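Chains, contacts and geometry: an overview
Below are the chains, spelled out letter by letter.
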Amino acid sequence: MQQLDKKFTSIGHYITKIFQHVLNFSLITLGIILLFLLIRELVDFFRLIFQSDDDYKIFLESILIFFLYFEFIAMIVKYFKEDYHFPLRYFIYIGITAMIRQIIVSHDEPLATLLNSLVILILIICNFIINLTPRERPESKWYFKIKE
């Protein structure tokens, strides 16, 4: 019975290793694609600067799309640096940037703009709570100091 448990544990270990390698390869491939799109967006951005077009919406949209690509690439890099873990705050940053882009691009309906603004406020509050909560941090913040 114990030998059977060891065998299944060994098989499970190999399966998780295979999944981890497939995931790593997929993220590296996605990172390369996003890097290509980031460079293409940067070229389009410079093209917009030198055009005499005065449409600031397209300009701001281009900047925010650039930052979305940048944040996704930074999140993939952080995944590998933090031992195969996605920090939650990066998802919150991406959500805030995406909502700002949504407000800039389509702000024709006031109720939708208000709801998008509330979503941004909720994401900022979540980010504040996450940063307030200690997570293996050696330094002590003023709000977590133990009074003696």
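Located above this text is the structure these notes cover.
Presented here is an overview of the structure given in this document. The numbers attached to residues start from 1 for each chain and follow its sequence in the written order. The predicted nature of this model means local features are confined to residues of pLDDT at least 70 and side-chain atom pairs, given and counted, to a pLDDT of 80 or more, with totals for whole chains, interfaces and linings taken over all residues. Side-chain measures were taken over the full set of non-hydrogen atoms in the model, leaving aside hydrogen atoms and water.

Take the buried residues of types Ala, Val, Leu, Ile, Met, Phe, Trp, Tyr and Cys, join any two whose side-chain atoms come within 4.5 Å, and each joined set is a nonpolar core. The classification of residues rests on relative accessible area computed with a 1.4 Å probe and restricted to protein chains. Under 20% of the type maximum is buried, over 50% is exposed, and intermediate values are partly exposed. Listed in full, the nine residues of the largest apolar core are Leu 27, Leu 34, Leu 37, Leu 38, Ile 65, Tyr 69, Ile 73, Ile 76 and Tyr 79. Every helix listed is a DSSP run of H or I at least four residues long, and every strand listed is a run of E at least two residues long, numbered separately from the N terminus. Going through the elements one at a time, helix 1 (2-50) and helix 2 (56-81) are the ones with two or more residues in this core. Looking at which element gives the most residues to this core, the answer is helix 2, with five residues. Sequence-distant contacts of Tyr 69, that is, excluding residues within four places in its chain, are made with Leu 34, Leu 37, Leu 38 and Glu 41. Ile 96, Met 99, Ile 103 and Ile 120 belong to the second-largest nonpolar core, a separate cluster that totals six residues. The contact criterion used is simple: two residues touch if any of their non-hydrogen atoms lie within 4.5 Å.

Within the chain, Asp 83 stands out as a residue other than glycine whose phi angle is a positive 55°. Considering the arrangement of structural elements, one finds Asp 83 in the loop between helix 2 and helix 3 (88-105). Within the chain, Tyr 84 stands out as a residue other than glycine whose phi angle is a positive 60°. Among the structural elements, Tyr 84 can be located in the loop between helix 2 and helix 3.

With 23 residues, helix 4 (residues 110-132) extends 33 Å between its outermost C-alpha atoms, agreeing within 8% with the 33 Å of an ideal straight helix rising 1.5 Å per residue. Of the residues making up helix 4, those classed as buried are Thr 113, Asn 116, Ile 120, Leu 123 and Asn 127. Where the residues of helix 4 are buried, they touch helix 3. Under the convention used throughout, the expected extent of a helix is 1.5 Å for every residue step, that is, one less than its residue count.

Just geometry here; none of it tells us what the structure is for.
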